[in-house]
Every structure is written in C-alpha cells, then in structure tokens.
Amino acid sequence: MNTNLILLLEQLELYGSAGLSINKALDIVIEGNSKKMALRLRRVRTDIVGGMRLAQSLLIHLNIPKTIAGLIEHGELHGDLLKSLTTSKMMLEKQSELFKKCASALVYPSVIAVFSILLTLGLVRGIMPQIIPMLASLHVKLPLLTRIVIEVTNFTSTYGLVTIIIGCAVIVLMFVLYTKTEKSRHIVQVALLQLPLIGNALHTYAVSTFLQSLGSLIHSGVPIDIAFERTIETVAVLPLRYAGKKLITELKKGIGCSVLIPRISSRIPLFVTSLIIAGETSGHLGDSMMRASQILDQRLDYSLKRLTSLIEPIMMVGMGCIVGSIALSIMMPIYDISRTLQH
C-alpha cells in the first residue's frame, strides 16, 4: 500500500505543478490504476466534489497515516498543497526505506535457520532410522547422547506430522492475536525491546520514524501540540506510543519538546535532546528533529549490520552443534565397542 500511496502523491504533485486541479489530476490517475485502486480514488474524487478535503477523504478511503493526512490538510488550509504532497511523499519513501533495511537484514538469518531445520529433519528422518537398528543390535548400554538422539528420532517419526501441524496452528494463532489485539502486540513488543540487539534496533526505528514525522509536520507549520498528538498515534511500538500519549496534556500546557520527548523512553540518546534544545532555541525545531532522525537512521543501519554479522556465526555454530551431535551419537557407541574389544 505504501508504494501505491507514494506513487499517488507523486502523480498528484506532478499534475498539480503542471497547473491541473486536484479533480482533473485524480481523473488522470484513476485511468492508470487497477480496478480496486481506481474505485477508491473515484470515491475520493466524489468526496472532493462534495466539498470534503483531500486529506480527510484519503484518510477514509486509503487509510493513509494520520501524520500524512495532517501534512496534506495543513497544505490545503494554507494554500501550499503541492509542497505538502512532496513532503508527504518523501516521508513515506524514508519510512519505506527503513522498513526494507530491517526486512533485508533478517532475510539471510532466516534462510540459514530454514536450512538448518531442513538439514536436521533430513538427518533425523532419513539417516537415523537406518542407523538405530544397527545400534540396537550391539546389545550394549548406549551413551546418553545416543539415547537422546534415538528418542528424538522416534518421536519425530511417530508424532512429527502432528507436531508440525500443531506448531503451524500455534504460529498462525499467535500472528492473528498479534495483528488483531493491541494487548498482545504490547506484550510481545515489551519483550522484544528487552532483547539486546533486536530491542535496540526496534527502539531506534520507532524513535527515528517518530522524529521524522513530527519534524516534518512542525517544519510545515503545524502547531507543535497538534503535530505531536497526530504523530504519537502513528508510532508502531506501543510502549513508546502509550508513554507519549501521557505527555500530550503537558505539551499543551507549554512544556517544551526537549523536556517531554526524553520522557517517552530513557533509551533516547542524549544527542537527540541536545538537537531538540538547539532547535527550540533557534526556532528550527522541525529541522533539528529531522536531523536527529537522520543520525538515528545511520545508527540503525550500523545496528542491523552488527545484528546480521552476529546472527550468522551463531546460526552456523548452532547448525554445527546439531550435525555434530548426531554424528557423535553414531560414533560414540561404535568407539566404545571397539575400545572394549581391544582390551
């Protein structure tokens, strides 16, 4: 959806820069879109003809983020819609780029994990059933490791399919609970934030997108309290969102962002607070927040590289331990028998 929205905003800005009205621009955009998207855009055009603002209609029919809707609405109210469309497009592109970085960082470890699971299943289901009868025929007490591997092999042979089905059902249920219930998401995210590297990357991502969105709104002229309220609602990490929502009342009383934003999380770096203070002092608060977001993006990129560089050897060691355990479980009883025969 982000890709379609970015393209839509870019087209509206392009046609608007050429002197076309929003209605005419939407007519052109509708013709080049899929049936589903075209239907939504026709509803948007109908709303605009009926007197509704573009931002409100996009929020209803395209479910755009509230920060983007706020930017577009501010542009409509102050006669600077084209600039708002451009800023909105840049914000979405930046968020999309951040998401792709996080996703791509997990691709390689995921491939290794899947390969490790398949290799283990292949050894347990393919090789061990051929070896177990030979080990049983030795009529000796088998080493503990061998007995454990035999029990695991027997279990997977008997209940393997049932276990996989139950496991898949549990994963699907957990995914549904995570996506459908806010309480489940909150519990999972609190746990993830406690993890050493993953938690740091998740926290940095959330704070970076928050500062980028808030800074863009403030830079466009949206009042700080309104910008903060709209932005905090879009923070994906619920512990940070809840902490931020508690500060809205204090912000409306006139307490500065440099005081309140560090209270959202104790893990927000000190340089962010320093940049916000400098922005409040110089009158360029929005620019300072966006600059802080850029620095956090660089830190996130470093954290993701560090995460993948650590996960890779850990996965390889884990796979080696599994394969080595299976190999030792086969070799140890044979070695014990050969040593007994020698004596």
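What counts and what doesn't
- Residues numbered from 1 in each chain as written.
- Predicted model: local features only at pLDDT ≥ 70, side-chain atom pairs only at ≥ 80, totals over all residues.
- Heavy atoms only, no water.
- Helix = DSSP H or I, 4+ residues; strand = E, 2+ residues; numbered from the N terminus.
- Rg over C-alpha atoms; globule rule 2.2 N^0.38 Å.
- Buried < 20%, exposed > 50% of the residue type's maximum accessible area, 1.4 Å probe, protein only.
- Contact = heavy atoms within 4.5 Å.
- Areas by Shrake-Rupley, 256 points an atom, 1.4 Å probe, with all protein chains shown as cover.
- Lys, Arg positive; Asp, Glu negative; His and termini not counted.
- Charge placed at Lys NZ, Arg CZ, Asp CG, Glu CD.
- Phe/Tyr/Trp six-rings, centres within 6.5 Å; stacked < 30°, edge-to-face > 60°.
- pLDDT = per-residue confidence, 0-100.
- Core = buried A, V, L, I, M, F, W, Y, C linked by side-chain atoms within 4.5 Å.
- Expected span 1.5 Å × (residues − 1).
- Arc of directions from axis to C-beta.
- Salt bridge = Lys/Arg side-chain N within 4 Å of Asp/Glu carboxyl O.
- 1 Å grid on protein atoms, 1.4 Å probe; cavity = no way out; pocket = protein on both sides within 12 Å on 5 of 7 lines; lining within 4 Å.
- Points joined across faces, edges and corners; volume = space filled by probe spheres on them.
- Nonpolar A, V, L, I, M, F, W, Y, C, P; charged D, E, K, R; others polar.
- Axes fitted to C-alpha atoms, helices over the stretch in contact; angles between N-to-C directions.
- Parallel < 35°, antiparallel > 145°, perpendicular 65-115°, else oblique.
- Left-handed = near helix turned anticlockwise from the far one by under 90°.

Caption draft 1: How the structure looks around the overall build of the chain. Tallying secondary structure elements over the chain gives 15 helices and 0 strands in all. Taking 2.2 N^0.38 as the reference for a compact globule, 343 residues should give roughly 20 Å; the C-alpha atoms of the chain span a radius of gyration of 28 Å, well beyond that estimate. Across the 343 residues of the chain, 38% fall into the buried class. Partitioning the intrachain contacts of the chain with sequence separation of at least 6 by distance along the chain shows that 61% fall at a separation of at least 24. Summed over all atoms, the accessible surface of the chain reaches about 19,300 Å², with 65% contributed by carbon and sulfur. Taken together, the 33 basic and 22 acidic charged side chains of the chain have centroids lying 7 Å from each other.

Caption draft 2: Spotlight on the side chain of Gln212. Among the structural elements, Gln212 can be located in helix H9 (residues 196-219). Using a relative accessible area of 9% as the deciding quantity, one classes Gln212 as buried. In this structure Gln212 touches Met91, Lys94, Met290 and Ser293, once residues within four positions along its chain are discounted.

Caption draft 3: Looking closely at the packing of aromatic side chains. Throughout the structure, instances matching the rule amount to 1 aromatic pair. Their ring planes at 90 degrees and their centres at 5.7 Å tell us that Phe210 and Phe228 sit as a pair that is edge-to-face. Here Phe228 lies in helix H10 (residues 224-232) and Phe210 lies in helix H9, a separation of 18 residues in the sequence. For the pair shown, Phe210 and Phe228 are each scored as buried.

Caption draft 4: Here's a closer look at the confidence of the model for the chain. For the chain, the average pLDDT comes to 81, and 93% of its residues sit at 70 or higher. For the chain, per-element mean pLDDT is lowest for helix H6 (residues 81-136), which scores 74, and highest for helix H14 (residues 270-282), which scores 91.

Caption draft 5: Region of interest: the nonpolar core. With 58 residues, the main nonpolar core has Ile72 and Ile261 as its most contacted residues. For this core, the leading source of residues is H9, giving 7 residues. Discounting chain neighbours no more than four positions away, the residues touching Ile261 are Phe210, Leu211, Leu214, Phe228, Ile268, Ile276 and Met289.

Caption draft 6: Region of interest: H14. With 13 residues, H14 extends 19 Å between its outermost C-alpha atoms, agreeing within 8% with the 18 Å of an ideal straight helix rising 1.5 Å per residue. Those residues of H14 that sit buried are Val272, Thr273, Ile276 and Gly279. Summarising the axial view, the buried residues of H14 lie within an arc of 125 degrees, below the 170-degree limit, and thus occupy one face. The exposed residues of H14 that point more than 90 degrees off its buried face are Leu270 and Thr281. Gly283 lies just past H14 and shows a positive phi near 85 degrees.

Caption draft 7: Quick look at the side chain of Asp47. As for its placement among the helices and strands, Asp47 is situated in helix H3 (residues 35-49). Sequence-distant contacts of Asp47, defined by excluding residues within four places in its chain, comprise Met52, Ser57 and His61.

Caption draft 8: Just the pattern of salt bridges, in detail. Within the structure shown, the criterion is met by 7 salt bridges. Its salt-bridge partner being Asp27, residue Arg45 comes within 2.6 Å of it at the nearest N-O pair. One end of the pair, Arg45, is in helix H3; the other, Asp27, is in helix H2 (residues 22-31), and 18 residues separate them in sequence. Arg263 serves as the salt-bridge partner of Glu250, at 2.9 Å between the closest nitrogen and oxygen.

Caption draft 9: Spotlight on empty space enclosed by the protein. Summed over the entire model, instances satisfying the criterion amount to 2 cavities of 30 Å³ or more. If you add up the space inside the largest cavity, you get close to 50 Å³. Around the largest cavity, the lining residues are Ala206, Val207, Phe210, Ile232, Val235, Leu240, Ile264 and Ile268. Sort the elements by how many residues they give to the lining of the largest cavity and H9 lands first, with 3 residues. Split into classes, the residues belonging to the lining of the largest cavity amount to 8 nonpolar, no polar and no charged.

Caption draft 10: The packing of helix H1 (residues 2-17) against H2, seen in detail. The interhelical angle for the contact between H1 and H2, taken along N-to-C directions, is 135 degrees, at an axis separation of 9 Å. Classified by the interaxial angle, the pair formed by H1 and H2 is oblique. Crossing hand, H1 versus H2: right-handed. Within the contact between the two elements, H1 uses Leu8, Gln11, Leu12 and Tyr15 and H2 uses Ala25, Leu26, Ile28 and Val29.

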